[in-house]
Amino acid sequence: MLNGELYSAADPELVRERKRTHLLLHRLNTTEFGNESTYGEIISELLPHCPSDIFIQPPFYCDYGSNIYCGEQAFFNYDCVVLDVAPVRIGARCFFAPKVQLYTATHPIDHVVRGHQLLEYGKPITIGDDCWIGGGSVICPGVTIGDRVVIGAGSVVTKDIPSDSVAYGNPAVPHPIKK
């Protein structure tokens with residue numbers, strides 16, 4: 001799975017891991033507002049590769065959590081989804097507006113390979129430092145976003161975006177930031 005090879009999402013070990021994650025997500029998404037100690041405990045268990053200063057505004061959704069790596073001061077607003085069947089690497093001081101979706105999961109195009117076995121694979125996503133991802137944006141499998149990038153609301157990012165760009169549209173097209 002993490003190596004980008006085909007795997008079955010129905011594998012019993014993966015099903016157990018997702019169930020554990022879903023239980024943690026339920027706790028996170030229903031924790032009473034202002035209960036900082038419980039919130040911190042859940043976040044540290046759910047996202048073991050993220051610093052304690054990450055802030056997530058529930059509800060939040062992910063497949064495993066253990067494949068998400070964040071730099072300091074990352075912020076996820078309401079309703080973000082991270083399908084982390086492959087690594088998701090997020091730099092420091094990145095902000096995700098409501099309903100941002102990061103998808104590492106993908107499926108074979110060939111219907112014979114895809115078959116009825118729930119076969120899929122993952123491609124990692126990497127996001128540099130100091131990025132702002134606008135509301136409702138979708139980051140597709142295998143995409144790398146450079147440092148200091150702004151992704152406009154509602155964009156679908158299907159290809160890599162270079163540092164110091166503003167990208168928007170479907171598919172998102174990068175434009176250099178003029179200083």
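Residues numbered from 1 in each chain as written. Predicted model: local features only at pLDDT ≥ 70, side-chain atom pairs only at ≥ 80, totals over all residues. Heavy atoms only, no water.

Undergrad: What should I look at first to understand the pairing of strand 6 (residues 80-83) in this one?
TA: One face of the sheet, then the other: side chains in a regular strand alternate in exactly this way. Side-chain alternation along strand 6 places Cys-80 and Val-82 on a buried face and Val-81 and Leu-83 on a face that remains uncovered. The sheet contact formed by strand 3 (residues 60-62) and strand 6 spans three bridges and is parallel. Looking across to strand 6, one finds that Tyr-61 is bridged to Val-81. Judged from the three bridges that link them, strand 6 and strand 9 (residues 101-103) form a sheet pairing that is parallel. Looking at strand 9, one finds that Val-81 is bridged to Gln-101. (Buried < 20%, exposed > 50% of the residue type's maximum accessible area, 1.4 Å probe, protein only. Helix = DSSP H or I, 4+ residues; strand = E, 2+ residues; numbered from the N terminus. Pairing = 2+ DSSP bridges.)

Undergrad: What is the right way to look at the environment of Thr-38 in this model?
TA: Position of Thr-38 among the secondary structure elements: in helix 2 (residues 36-46). Judged by its relative accessible area of 22%, Thr-38 is partly exposed. In this structure, the C-alpha to C-alpha distance between Thr-38 and Ser-163, residues 125 residues apart in sequence, is 37 Å. Excluding its chain neighbours within four sequence positions, the residues that come into contact with Thr-38 are Arg-27 and Thr-31. Here Asn-35 takes part through its side chain, which lies 3.1 Å from a polar atom of the side chain of Thr-38. (Contact = heavy atoms within 4.5 Å. Polar contact = N/O pair within 3.5 Å; in protein donor to acceptor, adjacent residues only side chain to side chain.)

Undergrad: Quick question: what am I supposed to make of the state of the cysteines here?
TA: A covalent bond bridging the sulfur atoms of two cysteines is what the word disulfide describes. Taken as a whole and assessed by the stated rule, the structure comprises zero disulfides. Its sulfur unpaired, Cys-50 is 3.5 Å from the next cysteine sulfur, which belongs to Cys-70. Assessed through its relative accessible area of 13%, Cys-50 is described here as buried. No disulfide involves Cys-62; its sulfur sits 9.5 Å from the nearest other cysteine sulfur, which is in Cys-50. (Disulfide = S-S within 2.5 Å.)

Undergrad: For this particular structure, what's the right way to read the sheet that holds strand 1 (residues 7-8)?
TA: As summarised here, the arrangement of the three strands in space is 1-11-10, forming an open sheet in which the pairing is antiparallel. Two strands bound the open sheet, and with one partner strand each, they are strand 1 and strand 10 (105-106). In this structure, strand 10 lies alongside strand 11 (residues 119-122), joined through two bridges in antiparallel fashion. Within strand 11, the position partnered with Thr-106 by the bridge is Tyr-121.

Undergrad: For this particular structure, what's the right way to read the sheet that holds strand 8 (residues 95-96)?
TA: Paired through backbone hydrogen bonds, the strands of a sheet run either parallel or antiparallel to each other. Strand order in the open sheet formed by seven strands is 2-5-8-13-16-18-19, and the pairing between neighbours is mixed. Each edge of the sheet is formed by a strand with only one pairing partner; in this case those strands are strand 2 (55-56) and strand 19 (172-176). Bridge count between strand 16 (residues 150-151) and strand 18 (residues 165-169): two bridges; the pairing is parallel. Bridging across to strand 18, Ile-151 finds its partner in Ala-167.

Undergrad: Would you mind showing me how to read the pattern of salt bridges here?
TA: Once the charged atoms of two side chains with opposite charge are near each other, the side chains can pair. Summed over all chains, the structure comprises six salt bridges. As a salt-bridge pair, Arg-148 and Asp-147 come within 4.0 Å of each other at their nearest N and O atoms. Accessibility expressed as a relative area gives 38% for Arg-148, which makes it partly exposed. Overall, Asp-147 belongs to the partly exposed group, its relative accessible area being 26%. Taken together, the shared-partner salt bridges in this structure form one network comprising Glu-72, Arg-93 and Asp-130. (Salt bridge = Lys/Arg side-chain N within 4 Å of Asp/Glu carboxyl O.)

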